[in-house]
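# Results of the structural survey
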Amino acid sequence: MIEVKNQFAKHSIFWMLVMPLVALLGLPAVLEPSSFTVTADEVRFFREMLDRDVIAITALADTWFDTLFVKTHIATAVRDFFYAGKADDSALVRRSASLAQSYNDALWLMAYRGLWRMAGLWPVVLAIMLSLGLPCLIDGLMVRARKAYNFQFHNPVFFGRHPIRLFWFWVLGYSCHSCRLR
C-alpha cells in the first residue's frame, strides 16, 4: 500500500478527490430531487447576462448526457440497481424503494445540471483556464528547467501548487457567482 507522508499532498488528495466524490454520492441522499433542477434564475442569467442561447445549451447538454450516461447504459444500470418495490411489499420496503428512487432521480438531475452549466459556461471556463493556467504552467516548467540546470531535484509538491491555485480561483469564482444569483 502506498503511504503519503507529505501533509500537503494528504490535504490535496482529500479536498480534490475524496470530498467531490462524497458530495456526488451524498448530496442526492440529503437533498430533494427538485433542488437539482435547472432553475429559472439560471436560465435568465444565461439568457440575459451572458447572452447565450438557452435552447442550444439545453440541446448540447442533452447530447452530452445521452452520450455519457444513456448510450453507455450507465443510467440504466444505476436505475436497475435500486429496487422499485411492488404493491404487495411491506410498508417499510415500499418506503425504502421510494427513498432509493428519490436518490436515483436526484443523482441524475445533479449530473444533468452540472452538464448543463458546463455547456453554458465552457467559454468562461476556457478563458479562465487559459488566463490563469498558462502562466502557472510556464512558471512551473521554468522552475523545473532551472532546477535541472543546477542539478537539483525538482519538488513535485511545489510544482503542483499552481494548479491548486487555479482550482481555488475557479471554486471561489463559481461560489461568488452563485451568491450573486440569489
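Right above here is the structure, for reference.
In this report, we go over the structure that sits alongside the text. Numbering of residues starts from 1 in every chain and runs along the sequence as written. For this predicted model, a pLDDT threshold of at least 70 governs which residues receive local features, and a threshold of 80 or more governs which side-chain atom pairs are given and counted, while totals over whole chains, interfaces and linings are taken from all residues. Side-chain numbers here rest on the full set of heavy atoms in the structure, without hydrogens or water.

Mapping Ala106 onto the fold places it in helix α5 (residues 91–149). With relative accessibility at 0%, the residue Ala106 sits in the buried group. The spatial distance from the C-alpha of Ala106 to the C-alpha of Glu32 is 6.9 Å, given a sequence separation of 74 residues. With near-sequence residues (within four places) excluded, Ala106 lies in contact with Pro28, Leu31, Pro33 and Phe36. Secondary structure elements are taken from DSSP: a helix is a run of H or I of four residues or more, a strand is a run of E of two residues or more, and numbering for both begins at the N terminus. Note on classification: 1.4 Å probe, protein chains only; a residue is buried when its accessible area is under 20% of the maximum for its type, exposed when over 50%, partly exposed between these limits. Contacts are assigned to residue pairs with any non-hydrogen atoms lying within 4.5 Å of each other.

Attention now moves to the nonpolar core. Counting residues in each nonpolar core, the largest one holds 21 residues, and the members touching the most others are Phe46, Phe65, Phe69, Trp108 and Trp116. Of all the elements in the fold, those that place two or more residues in this core are α2 (40–49), α3 (54–70) and α5. Ranked by the residues each element gives to this core, the list is headed by α5, at eleven residues. Not counting the four nearest positions on each side in its chain, Phe46 is found in contact with Asp51, Arg52, Val54, Ile57, Trp116, Arg117, Gly120 and Leu121. Definition of nonpolar core: a set of buried residues of the types Ala, Val, Leu, Ile, Met, Phe, Trp, Tyr and Cys, connected through side-chain atoms within 4.5 Å.

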